[in-house]
Amino acid sequence: MDASFLLSGAACAVLLALLYHRFSRTRLPYPPGPPGKLLTGNWHQLPQVQPWLAYTSWATQYGPLVHMRILNQHMLILNTLPPVLDLLDARSALYSDRPFSTMYHALVGRAMAVFSISSLHPRFRRYRRLLHTGLSPRATSGYASLIEAEARTLGAGLRDRPRDVAAHVRRNAGAVIMKLTYGWTVQGDEDYFVKLIEEAFVVGKKANAMGAWMVDAVPAMRHIPDWFPGAYFKRRAHEFREFLSLTDSAPFEWAKTQLATEKYTESFTSRHLRPEDGHSVDAEEEDAIKWCSAALYVGGADTTVSALTSFFYAMSLYPDVQKRAQAELDALLSSEHRLPRVADLPYLPHTQAIVKEVLRWAPVAPLGLPHCLTDNDTYMDYSIPKGTVVFANIWAIMHDPERYPDPFRFDPERFIPDPSKSAISEQPDPRKFAFGFGRRICPGAHFAETSLQLNIATILTLFDISKPTDDEGREIESEVEWSTGVTTHILNLACDVKLRSPEAAALLAQDD
Ligand code: HEM
């Protein structure tokens, strides 16, 4: 058997699947979408760069539901809020699975990972329980001092190397998550575990890249022996599997060793391995804790980096917004000569509104994560078959001018309650959409919000952020570029960050 034989086998399998779909008696049509090719469907039309923008513009042609077919895989994009709420929230029992990839789940062994586990698997509920307990508002309040200490370190970094904003933000996100998850203190920019996990991120992306592996289109190929010509994917799968299982285990084993020495820092891992109710943790529970711990860095690091980077950019564009938030911070803190604390956050409505507006203006995960149907469904006289991969276009929802007038303007005031207006005219809270939907909704939302608010409050207490200037002090206008991926980032952030005053410098110096 050689590679060309495998390819023809693959093409036959796709064709058979297509014929089955075409001639099976589907009572209702699929939702509208761009016309595709016979064999490959809409493969050639999949937008490669910032797909959320293309999907938003397709909505004007095809409506709020856009259907596509990639080989034999149905895909549905939900471009407006009503179908997202009707399907992903209201029918979440049906819409909370994840797409299955033979390469990633079966061959690389990631079927039990939190992000990819099937919603029908008994472990799914266990994971959700562990994550909710470990990241709940109560648990988050237990991490207040960790978030505050890392915000001060971020401030000191910005003071010492103000040009390296992106590096400081990345360091902060990694350090907070590693401490929260394992009690591990990140050491410098070349931290061993952070590097290992970042590499795992890259490997995971390769292994799970949609359409990259023929075995995903023809699952039977998984049974061909490793030594067969064309079975390169199987050898890669072994390498990926080994590396990813090492990266899951290494920091977890370190945390367990610390726990045994009794000299450990409280963390998500330690709290679950030593539960409050004193029950003994069996091997099955320990394995679930390990998978949940491994998910926190994946879920929490890149997302926080994206939001904080967008915050710096927004502040450089909107100095008035910055001044209003600083006035509020000064009124609360300057008489006490201190930096903000987590306990202050409820008294900082402008900081809270900035976080909401960052999540709306520059959605961190513009298409969220793919959901998948566990059974056939019908909606608005359309058929949505079992196994369809469904994306909510969060970017389109956040930029819908009907809900958010002047959507491209960064305007946190839209979330400051106005007593002169009725509650009906209020703009919806973007936190309801930024963190996903249904049974898969982000379990780290509360922690993320707390850490973002505290970081932003600390930064605005200490610094003024403005557009970068040239040697003669003239502002430089620059176009930002956004990355394409599950999370999106500004790739070329440029801004000036300056200490606001000698008092601000003194606040940081207290810790030096
Ligand atoms: C601004 C910050 C964040 C944003 C915007 C965000 C957004 C999201 C989104 C859109 C999803 C997919 C939900 C769905 O499938 O419908 C998700 C899932 C998830 N997030 Fe977050 N997230 C953030 C921070 C965090 C943090 C700090 C953590 C952990 C400490 C975390 C852990 C997770 C986990 C474990 C999942 C997977 C849930 C599952 O598949 O069942 N996230 N997040």
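Here's a quick rundown of the structure.

Definitions and limits used
Residues numbered from 1 in each chain as written. Predicted model: local features only at pLDDT ≥ 70, side-chain atom pairs only at ≥ 80, totals over all residues. Heavy atoms only, no water. Helix = DSSP H or I, 4+ residues; strand = E, 2+ residues; numbered from the N terminus. Polar contact = N/O pair within 3.5 Å; in protein donor to acceptor, adjacent residues only side chain to side chain. Contact = heavy atoms within 4.5 Å. Core = buried A, V, L, I, M, F, W, Y, C linked by side-chain atoms within 4.5 Å. Buried < 20%, exposed > 50% of the residue type's maximum accessible area, 1.4 Å probe, protein only. Axes fitted to C-alpha atoms, helices over the stretch in contact; angles between N-to-C directions. Parallel < 35°, antiparallel > 145°, perpendicular 65-115°, else oblique. Nonpolar A, V, L, I, M, F, W, Y, C, P; charged D, E, K, R; others polar. 1 Å grid on protein atoms, 1.4 Å probe; cavity = no way out; pocket = protein on both sides within 12 Å on 5 of 7 lines; lining within 4 Å. Points joined across faces, edges and corners; volume = space filled by probe spheres on them. Pairing = 2+ DSSP bridges.

Once that is clear, we can look at the side chain of Ser293. Position of Ser293 among the secondary structure elements: in helix H14 (residues 283-317). Here the side chain of Ser293 touches Thr269 through a polar contact of 3.3 Å, side chain to side chain. Residues contacting Ser293, with those up to four places away along its chain left out, are Thr181, Tyr182, Phe252, Phe268 and Thr269.

Looking now at the nonpolar core. Counting residues in each nonpolar core, the largest one holds 112 residues, and the members touching the most others are Phe311, Phe312 and Ile354. Broken down by element, this core gets its largest block of residues, 17 residues, from H14. With near-sequence residues (within four places) excluded, Ile354 lies in contact with Phe311, Met315, Val321, Ala325, Phe410, Pro412, Ile456 and Leu460.

The interhelical angle for the contact between H14 and helix H16 (residues 349-361), taken along N-to-C directions, is 100°, at an axis separation of 10 Å. Considering their axes alone, H14 and H16 lie roughly perpendicular with respect to each other. Counted together, Ala307, Ser310, Phe311, Tyr313, Ala314, Met315 and Leu317 of H14 and Ile354, Val358 and Trp361 of H16 form the full contact between these two elements. Here the contact of H14 with H16 is composed, by residue class, of 9 nonpolar, 1 polar and no charged.

Quick look at the layout of surface pockets now. Counted as a void, the second largest pocket has a volume near 540 Å³. Contributing elements (two or more residues each) for the lining of the second largest pocket: helix H6 (122-135), helix H7 (137-142) and helix H13 (268-273). Of the residues forming the lining of the second largest pocket, the biggest block, 5 residues, is contributed by H6. For the lining of the second largest pocket, the class distribution of residues is 6 nonpolar, 6 polar and 9 charged.

Successive side chains on a regular strand alternate, one facing one side of the sheet and the next facing the other. Burial within strand S2 (residues 73-78) is extensive, with 5 of its 6 residues counted as buried. With 6 bridges joining them, strand S1 (residues 65-70) and S2 adopt antiparallel strand pairing. Opposite Val66, over in S2, you have Ile77 as the bridge partner. Between S1 and S2, which pair antiparallel one after the other, the connecting turn spans 2 residues, and Leu71 there sits at a positive phi close to 55°.

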